[in-house]
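Descriptive analysis of the structure
Each chain, written out:
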Amino acid sequence: MKNTTDLTQIYLDANATTPVLPQAASAALSAMENLFGNPSSSHITGLKAKNLMEQTRLRAQTLLGSGSGKLIFTSGATEGIQTSILSALIAAKSSMSVNKSYSVLYGATEHKAVPESLKHWLNVLDVRAEVTAIPVDRFGLLDHDFITQHAPNALMICTMAVNNETGVYQDLCALENTIRHANPDIFWMVDCVQALGKTELDLKSTTIDYAPFSGHKLYAPKGIGFVYIRDSAPFTPFIAGGGQESGLRSGTENLPGMAALNVIFEMLLNTESSPFSNSAQLTHYRQQIATTLTECFGDVVFNNSFEHSVATTINFAVPGFSSKEIMDLFDAANIRVSSGSACSSKVTRSFVLNAMGLPAWQSEAAIRMSFGPAITQAEVDSACARIRTASQALTQSCMILDDTSDISDRSDLDGLLQLRSGASCTWVFVDSSSKQALIVDPLPELQHRLETLLECQKLTLVAAIDTHGHADHISGREALAARFLAEQKSDALGWPMTEAHIEHLGQQLQTIAIGSKQLLRLPTPGHTSDSISLLLCEAPVSASQLAQQTQYAFCGDTILMGSLGRTNFDSSSSQALFNSLKLIRDSISNTTLICASHDYNNEFTTSLNAEVSRNELLKAVINNQISVDVFQQHKAHLDTHLNDEVGTEIMCGAIIGNCDRSNIKEYDAISLAAAMKQDENVCIIDIREPHEYALNHSTQSSQNVPLTRLVQFIQEHQNQKHKQWVLVCRSGSRSMIAAQAMHRLGFEHVSHLKGGYALSS
């Protein structure tokens, strides 16, 4: 399944921004070419410009039902928010009592522009009031009892009509009743950015004081917006100057933006000839997309209740997948969606879903699909077809099972695979010739994926082994063993009972076969009393050549990238760690790759040489320059640098070594083409995952080496560190961190394509 042709774009990120409708773009261009006059000018060209501006305002007033309220054009919603908050707080300050405590309230799921603006203006205006979040329930609906309790002493309350992440809408009538019964005089701002074109608004019939709007969220250009201000609400100009907008908002008006808005307003008002779909049709589109997601990802979970959300937003999560993995998959399929994750070991959670009380995994795995009300049936059909194509690509990577797909098209996995959940790592080794597999440190979050991988690749699981008892998570080993190793007898960490062993440094090391490799069990207590290291070696193992034969050392948290495993658990012993480090030194070579249980800085793997070069304490142990007593003192001091306040993770080592963030050479498309023309030995490596590569890749890519298999690639090419490797990914983020990891391990001429495929066309 190799698709090297460009796929048409499927845009499902309308809550972030929308394309400008052709009619709106034409109107804006016409305004720039023909109605370019300054609305403040008194000549005919200026009068025509002013007429367009007032026509746009009139249509907006009709559409919003603003009545006698003011409607001021702005640069966008953020300016409207500043205008609203500044006006309300200046007025509120003048009526504050000296000995009374005050607050300003905002919904816990509000766009960050609201609480940050509140904090800013409270500080600038020296208004002493506490910024307080209003809780929401599991549906994202505001807690009315909380409002009733806190509104009497609040200066201002900020809510939103429709949430940008979930599409959840608030019942403004019920909310108004609660607010005004609690405090008739409180100033009330409603963020209406996501409401326009999706819900009915009649502002004159409400007591909403301020309502900001944005043009680019509804098919108008960026840089134009407007704000409604109730006739009785206080107002202070946010921008002073030439007195435009009747002195309410100075600055020469954005006439092209207004011309575009004028067309959009006309479409919303004249529904018969409008490209905008009605609520029933939009609901049908949402259901069609949701059904497709369920068919393609059977255990998909929808994070927003459709009953309480506008039809244009779907927020979902797929168990076993991070939001970034789904984001990368869809982007490779040219489907544009939104997620909260970045290319980092620190998992980013949605504060909106957290506020709703959803489980952490749903917040971490959340994907938002959003479309505008001008979407067509043909576009929805295309989107659903492309989602199916994307999910089928996952079957090629054995990340999901699909009985309807041709399994013969899936390439056999051979070698080492690194899977992650946050900073925690699971390692899978597969011997393709024997179809045998080993799993080291299986994470419960990856259980479904591991089971799918074994089933899809038709592998026999030889062992699932933990390198130690993990303090930061429950092992996924027992569940795997119950399904695939029910008859196997093993110890507490999953090491199979065996009589096979070799002698090494006076110890009898147990060994098992994994296809053509041998796995040795090396006791390395210290981080915990039960810590072991697993050495994967070329077979047959010779006691005298063990270090040279060891390709990978799964050391758990004994040696971490940039640190050593912590030794302040009850079962820890720094003295034992000292001895274990020496044993590891004598059991592996400088080319052996150390595969840790945690990777806090996206470094993938390491070696003794790489760690000794930046970890002075480890260097002293390896070179016999420190006694065990002095080591214990230094190790105790090192553990004082531990930071367990990082999310919910228990840090398994204090990171003290500097992470290599070398100045990696960066190409753009032009300079890379020139380099390839000049040197035919330049080798391009596409480091996206196989399903991304299958969906869309450049014919120039000589090899696909996904990040999950980067460690295998590094091990296989240690004798080619001089080569010109150029790494490529979707955006340039993954290729940069992979290049930095390879550079740290001696690949001196590794480089990457800045901006990735996204900016290379």
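Above this note sits the structure.
What you see is a predicted model, and the numbers here were worked out from it, not measured in a lab.

A full pass over the atoms with the stated rule returns 10 aromatic pairs. Note on Tyr219 and Phe276: the rings are 5.7 Å apart at their centroids and 35° apart in plane angle, and the pair reads as tilted. Remark: Phe276 occurs in the loop between helix H7 (255-269) and helix H8 (279-296) and Tyr219 occurs in the loop between strand E7 (210-214) and strand E8 (225-229); sequence separation between them is 57 residues. The interplanar angle of 65° and the centroid separation of 6.4 Å between the aromatic rings of Phe297 and Phe330 together place this pair among those described as edge-to-face. Here Phe297 is found in the loop between H8 and strand E9 (301-302), whereas its partner Phe330 is found in helix H9 (residues 323-332), with 33 residues between them in sequence. Judged by its relative accessible area of 2%, Phe297 falls in the buried class. For Phe330, a relative accessible area of 0% translates into the label buried. In this structure an aromatic cluster arises from ring pairing among Phe213, Phe226 and Phe265. Over the face of the ring belonging to Phe321 we find Arg449, whose NZ or CZ atom lies 4.8 Å from the ring centre. Sitting above the plane of the Trp725 ring, Lys723 keeps its charged end 4.7 Å from the centroid.

Another point: the state of the cysteines. As used in these notes, a disulfide is a covalent bond between sulfur atoms, one from each of two cysteines. Counted by the stated rule, this structure contains 1 disulfide. One disulfide in the model links Cys398 with Cys456; its S-S distance is 2.0 Å. Given an S-S torsion of about -55°, the disulfide between Cys398 and Cys456 has left-handed geometry. Here the residue Cys398 occupies a position in the loop between helix H12 (377-396) and strand E14 (415-421), and Cys456 occupies one in helix H13 (residues 447-456), the gap between them amounting to 58 residues. For the pair Cys398 and Cys456, one class covers both residues: buried. With no disulfide of its own, Cys683 has Cys729 as its nearest cysteine by sulfur position, at a separation of 16 Å.

Listed as buried for helix H14 (residues 477-484) are Arg477, Leu480 and Ala481. Down the axis of H14, the smallest arc covering the buried residues is 100°, so these residues share one side. Residues Glu478 and Ala482 are exposed on H14 and point more than 90 degrees away from its buried face. Looking at the packing, one finds that the buried side of H14 touches strand E16 (436-440), H13 and strand E17 (460-465).

So, on to the packing of H8 against H12. Look at H8 against H12: their axes get within 9 Å of each other, and the N-to-C directions meet at 10°. Between H8 and H12, the interaxial angle falls into the category roughly parallel. Of the residues in H12, those touching H8 at Gln281, His284, Tyr285, Gln288, Ile289, Thr292, Leu293, Glu295 and Cys296 are Gln377, Val380, Asp381, Cys384, Ile387, Arg388 and Ser391. Its residues assigned to classes, the contact of H8 with H12 shows 7 nonpolar, 6 polar and 3 charged.

Cut-off values and rules
- Residues numbered from 1 in each chain as written.
- Predicted model: local features only at pLDDT ≥ 70, side-chain atom pairs only at ≥ 80, totals over all residues.
- Heavy atoms only, no water.
- Phe/Tyr/Trp six-rings, centres within 6.5 Å; stacked < 30°, edge-to-face > 60°.
- Helix = DSSP H or I, 4+ residues; strand = E, 2+ residues; numbered from the N terminus.
- Buried < 20%, exposed > 50% of the residue type's maximum accessible area, 1.4 Å probe, protein only.
- Lys NZ or Arg CZ within 6 Å of the ring centre and 35° of its normal.
- Disulfide = S-S within 2.5 Å.
- Arc of directions from axis to C-beta.
- Contact = heavy atoms within 4.5 Å.
- Axes fitted to C-alpha atoms, helices over the stretch in contact; angles between N-to-C directions.
- Parallel < 35°, antiparallel > 145°, perpendicular 65-115°, else oblique.
- Nonpolar A, V, L, I, M, F, W, Y, C, P; charged D, E, K, R; others polar.

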